[in-house]
Structure formats: structure tokens, C-alpha cells
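Coordinate inspection notes
The lines below spell out each chain.
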Amino acid sequence: MTEPIIKFDNVVKRFGSLTVLDHLDFEVNPGEMVTIIGPSGSGKSTVLRILMTLEPIQEGVVYVGGEPLWHEKKGDDFVPASEKHLRKMREQLGMVFQQFNLFPHMTVLRNLTEAPRQVLGLSKKDALERAEELLEMVGLTDQAKKYPHQLSGGQQQRVGIARALAMRPKIMLFDEPTSALDPELVGEVLKVIRSLADQHELTMLLVTHEMHFARQVSDRVCFFDKGRIEEQGPPEELFTNPKKPRTREFLKQVLDPDA
Amino acid sequence: MTWTEYLVPLGQGAWVTIQLTFWSTIFGALLSFAAGIGKLSRNPLIKALSIGYIEIFRGTSLLVQLFWLYFALPLLGQAIGIDLRLPPVAAGVLALSLNIGAYGAEVVRGAIQSVSHDQYEAATALNFSDRQALWRVALPQAIPEMMPSFGNLAVQNLKDTALVSLISLQDLAFKAEQIRNFTQDSTTIFTIVLAMYFGMALVLTAMMKVLERSVGRWRTARS
Ligand SMILES: Nc1ncnc2c1ncn2[C@@H]1O[C@H](COP(=O)(O)OP(=O)(O)OP(=O)(O)O)[C@@H](O)[C@H]1O
Ligand SMILES: [Mg+2]
């Protein structure tokens, strides 16, 4: 039995009176590629945002690498995490955003070297080496000197992936990385994500509406509904033989919208 | 005296005006950043100080601030036994800087707040500290936003320098008044002065445009 690298233990997340995660239990094993699917508003992004420390939780505990993320141990008690603790925990995580969120005032290369230099304290030479390696991996070596607005959406998102990887996280979070892209640009981004999944070095959590892709690359697919996991399992099982009526209904809608 | 003879003393005055404008715009910009960032600080003391400064200097006239610094402050100093007499230049630059800094602070604050929340989230995801996010992510995007307003403030500042002639600084306005008293040739003198202020404003505006373009180069890069 390996210990899960991510664990949501009875987590409640509310926005005002709206309960977005309702006593969620959720585990991810090291190296696992988990895809989260589900209707709009079911709390998929919220799960990722909590992990990236962009949203705090109200109840329960989230563990990353066995350590509480939003809490610190004080004796036997859990107290709310300090900024210092959060910064330490964040080292393990990287995130790719739906809208890319690249730094518009930095060249592609600088987008990739800024955080490694400033946050990890890498030398200029090491940061450049790392950035060039990653640019090659995502096929953008020739775009290094350009600014984000000079790139296509697909190229920007590949920079987004490379930028997150430059921090060498153990866990990568992808929140609908292709939803903002024109259809003809989706493939180039999925190709990069697939190559990462194939390496099995990273733990990956992907929120997507690309069901076909999810089926091909995921080790496990989780169907979220109303802030809970309604059903989960290996992709073949979940897609071909969903057990819950809600899952069936959802899959029918997204896979076969005209029927 | 013919009008060409006015040019030498008026030129001397213009040079003083230029220096006053230059230094008070520089110090004013520094104050703008300090108070504008301070107003967004999580530290309540820094925040309160910044708000206090901004409100006081925006809520009172430059003339009163100038007189207060030049005439009232020394008396206050005398009362508590410290020498707070300022030379006219210092009082003038200080009043102008403090005044423009208060307006500029609101420009800085507004521009920082206009940086998209997504950018801060990206900064957090890359584990930047708050300070790094401010200096490396938010400010470089906010500064180009500030430039048009800063350009206006700088020209405003140039025009405001005329007030310092009231504490006997020999700027362009002071010199004009001096020659006018001597020659009574108001039309010629004020026409030259008008042209000189206008010329300085044009040059200043052009300089601010160059600065604006250079801090916003990334926005206009072509593929
Ligand atoms: N900052 C916020 N303030 C208030 N409500 C929020 C906030 N962020 C999210 N919500 C609400 O929480 C619920 C879950 O949001 P979340 O973004 O996790 O959904 P999602 O499953 O990612 O949906 P989508 O497929 O549309 O992206 C939604 O009802 C949303 O309106
Ligand atoms: Mg979402």
C-alpha cells in the first residue's frame, strides 16, 4: 500500500451559504493520472484551487505528501497554516490555468525563468538551461523571444505548462487547459499532456471536457456532482459501464448531445 | 528695453521652473509609489499613514501647503525648539512633490488594482511571495497603465510651479512679474511667458510619451 500523495478528508468548502464541496473524501496516489469530469458548478475547479492554495477550506483536512496543506500541527492540534507553511507546501504543486495566465510583460523565456530564479534561487545559467529544455519538450524553442500576445492560444498554453514544470513540482493540476482554445489548437496541448502522462513521473490531476482524451490517458476518472464524487473508476469501466444514473445521464449528454 | 532683452531674465526664470518641475516630479513619483502601494498594504499603520497623507494633500490647496511649509512650519519648529526653516527652493520642491505625490498615489493604487486577479493567482501558483508578486508581476503591468495620468500630472506640476514665486523663488512667473513692474510692458512679457510655458509643456509631454512607450514596449511588440 502506497500512501496517497493527495488526500481530501471530509472537506467542506463553502462560498457564503453555497456549499461547493460537501464532505468530500478523495485520494490520489503518487504517479497517478486522475481526470475529473462533471457538470458545471460541481466543484471541479474548486478541488484544484484548494490544492494550489488559491481557496481555503472550511472543514476537514487536505493532505499533500502526507502533510496537512491548510493546517499546521501544533502539538496534537491542527491550527490554520501560516504563509510560511503554505509556501513550503506549494513547492510540490504546479498549476495550468484555463486562461493560461502567462505574464504578458515577459518574453516566453522570461516566463519560464522568472520563478525558478526568484523563488528557487537558480542561477541565470541553470534557469536558462531548464527553460530551454522545457521549450524543446513543448516544441516552442523558436518562440523563446516572443511575448505571449504574439503566440496562438495553443502555443500560450504550452508555455503555461512549461512554466509550471520549470518549478519541478511533484503534482500538476490542469484546470480545463484546452477549453479556451480553438478546436484546431486543442490537439497540440493534449499531446504535451499525454507525453507527461506517459512518463508516469508526475502525479496529475486534470479537469476536462475532452472525454475521448480522458479515456485514453487517465488511470482513473472521477465524476463529480454537487460537490461530491458520484462515481469513479478506471476509464474503460466508467465510460462503458457507468453504474450511477447521474453518471449515465451526464455521459450521454456530453458524448452524444444530439441524441 | 526691447523684447529680445526680456529673454535673458525670462530664460533664467524658465530654467528655475524647469528644475523645480524636474525635481518635484521625481520626488512626487517616488511619493506616489510609496503612498499608492502603502494604501494597499496589509499593515494597518502603513495603510493609515498613506491614506492620511493622500487625503490631507488632496483636500487642501497647494498654495496653503506651500505657505504652511514656508511660513508656519518654522514657527512651529521655534515653539518646540527645532530649526525647521526651509530655504525657498526646498519648501517649493517639497510642497510640489507632496501635492503631486498625493494625486499620483491614487493613480498608482488604481493601476495596481487594475491588474487582473488571474495574474496574482499565477504568481501564487509559482510560489512568488507577496512582495515578488507586486514587484515582478503587478507593477510592471501597472506602470504602463499609470503613464497617461502621470503625463497629465507632470504638466499640472509644471503649471503649479508658478505658485512658488509667492515665496520669492525666482522662477519664470516671478521674473515675468519683476520685468513687468519695471517696464509696464504686460502684453509682450505675458505673451512670451505664455509661449515659454507652452513650449515647456510640449517638451514635457513628449518626454512622458517616450517614457510611456519605453515602459510599455512589451505591449506593442509585433510578431
Ligand atoms: N469565488 C467564488 N465566490 C462565490 N462562488 C464561487 C466562487 N468560485 C466558485 N463559486 C461557485 O462554486 C461552485 C463550484 O465552482 P467550480 O468553479 O468549482 O465549478 P466547476 O465544476 O469547475 O464548474 P465549470 O465546469 O463551470 O468550471 C459554482 O456554483 C460557482 O458558482
Ligand atoms: Mg471550472
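Scroll up to find the structure this text is about.
Right, let's walk through the structure included here.

What counts, and where the lines are drawn
- Residues numbered from 1 in each chain as written.
- Chains lettered and ligands numbered in written order.
- Predicted model: local features only at pLDDT ≥ 70, side-chain atom pairs only at ≥ 80, totals over all residues.
- Heavy atoms only, no water.
- Helix = DSSP H or I, 4+ residues; strand = E, 2+ residues; numbered from the N terminus.
- Rg over C-alpha atoms; globule rule 2.2 N^0.38 Å.
- Buried < 20%, exposed > 50% of the residue type's maximum accessible area, 1.4 Å probe, protein only.
- Areas by Shrake-Rupley, 256 points an atom, 1.4 Å probe, with all protein chains shown as cover.
- Lys, Arg positive; Asp, Glu negative; His and termini not counted.
- Charge placed at Lys NZ, Arg CZ, Asp CG, Glu CD.
- Near = heavy atom within 4 Å.
- Polar contact = N/O pair within 3.5 Å; in protein donor to acceptor, adjacent residues only side chain to side chain.
- Nonpolar A, V, L, I, M, F, W, Y, C, P; charged D, E, K, R; others polar.
- Pairing = 2+ DSSP bridges.
- Axes fitted to C-alpha atoms, helices over the stretch in contact; angles between N-to-C directions.
- Contact = heavy atoms within 4.5 Å.
- Buried area = accessible area lost by both parts, 1.4 Å probe.
- Salt bridge = Lys/Arg side-chain N within 4 Å of Asp/Glu carboxyl O.

The subject of this paragraph is the overall build of chain A. Helix and strand counts for chain A come out as 9 helices and 12 strands. Taken over C-alpha atoms, the radius of gyration comes to 19 Å for chain A, in line with the 18 Å a tight globule of 259 residues would show. Dimensions of chain A, computed from the C-alpha atoms along their principal axes, are close to 55 × 50 × 40 Å. Relative to its full complement of 259 residues, chain A shows a buried share of 55%. Approximately 11900 Å² of chain A is accessible, and the part contributed by carbon and sulfur atoms is 47%. Considering chain A, the positive charge centre built from 33 side chains and the negative charge centre built from 38 side chains are found 4 Å apart.

Residues and elements named next belong to chain A. Positive phi, close to 50°, is recorded for His-23, a residue that is not glycine. A positive phi angle is found at Phe-100, which is not glycine, with a value near 70°. Looking at the secondary structure, you find Phe-100 in the loop between strand S8 (93-96) and helix H3 (108-118). Owing to a relative accessible area of 10%, Phe-100 belongs among the buried residues under this scheme.

A word on the site of ligand 1. Residues and elements named next belong to chain A. By nearness alone, every residue bordering ligand 1 is listed as Phe-15, Leu-18, Val-20, Pro-39, Ser-40, Gly-41, Ser-42, Gly-43, Lys-44, Ser-45, Thr-46 and Glu-176. Within the side chain of Ser-40, an N or O atom sits 2.5 Å from an oxygen atom of ligand 1. One of the backbone N or O atoms of Gly-41 is found 2.8 Å from an oxygen atom in ligand 1. For ligand 1, the protein covers 60% of the area, taking 640 Å² as the surface of the free molecule. Contributions of two or more residues to the shell around ligand 1 are made by strand S2 (18-28) and helix H1 (44-51). A total of 3 residues in the shell around ligand 1 trace back to one element, the largest contributor, which is H1. Taken together, the residues of the shell around ligand 1 sort by class into 4 nonpolar, 6 polar and 2 charged.

Another point: the sheet that holds S8(A). All names here are of chain A. Judged by pairing direction, the sheet is mixed, and its 6 strands sit side by side in the order S8-S9-S10-S3-S11-S12 without closing on themselves. The open sheet has two free edges, formed respectively by S8 and strand S12 (228-233), since each of these has just one partner strand. Averaged over all pairs of adjacent strands, the angle between strand axes in this sheet comes to 20°, irrespective of strand direction. Here strand S11 (residues 220-225) pairs with S12 via 5 bridges, running antiparallel. Within S12, the position partnered with Asp-225 by the bridge is Arg-228. Packed on one face of the sheet, H1 meets strand S3 (33-37), S8, strand S9 (171-175), strand S10 (203-207) and S11 and runs near 145° to S9. In the packing of helix H9 (residues 245-255) onto the sheet, the strands contacted are S3, S11 and S12, and the crossing angle to S11 comes to about 100°.

Taken together, the contact pairs 21 residues of chain B with 27 residues of chain A. Where chain B abuts chain A, roughly 2200 Å² becomes buried across the two surfaces, and 58% of that area is made up of carbon and sulfur atoms. Interface area lost by chain B to chain A is led by Leu126(B), Asn127(B) and Trp218(B), which between them contribute 30%. At the boundary of chain B and chain A, one finds 2 salt bridges. Two residues, Glu114(A) and Arg136(B), come together in a salt bridge whose shortest N-O distance is 3.2 Å. Counting across the chain B and chain A interface gives 10 residue pairs in polar contact (both at pLDDT 80 or more). Elements supplying a minimum of two residues to the side of chain B that touches chain A: helix H5 (117-125), helix H6 (130-160) and helix H9 (217-220) of chain B. Sort the elements by how many residues they give to the side of chain B that touches chain A and H5(B) lands first, with 7 residues. Grouping the amino acids of the side of chain B that touches chain A by side-chain chemistry returns 9 nonpolar, 7 polar and 5 charged.

The next point concerns the sheet that holds S2(A). All names here are of chain A. The 4 strands are arranged S2-S1-S4-S5 in an open sheet whose pairing can be described as antiparallel. With partners counted over all chains shown, the strands left at the sheet margins are S2 and strand S5 (67-68), one partner each. Bridge analysis of strand S4 (residues 59-64) against S5 gives 2 bridges, and the strand direction is antiparallel. Looking at S5, one finds that Tyr-63 is bridged to Pro-68. Where H1 meets the sheet, it contacts strand S1 (6-15), S2 and S4, and its direction lies at approximately 115° from that of S1.

This brings us to the pattern of salt bridges. Under the counting rule described, the total for this entry stands at 25 salt bridges over all chains. Here Glu55(A) makes a salt bridge to Arg49(A), at a shortest N to O gap of 3.2 Å. Judged by relative accessible area, Arg49(A) falls into the buried class, the value being 18%. Bridged by salt links that share partners, the residues Lys13(A), Arg49(A), Glu55(A) and Glu121(B) form one connected network.

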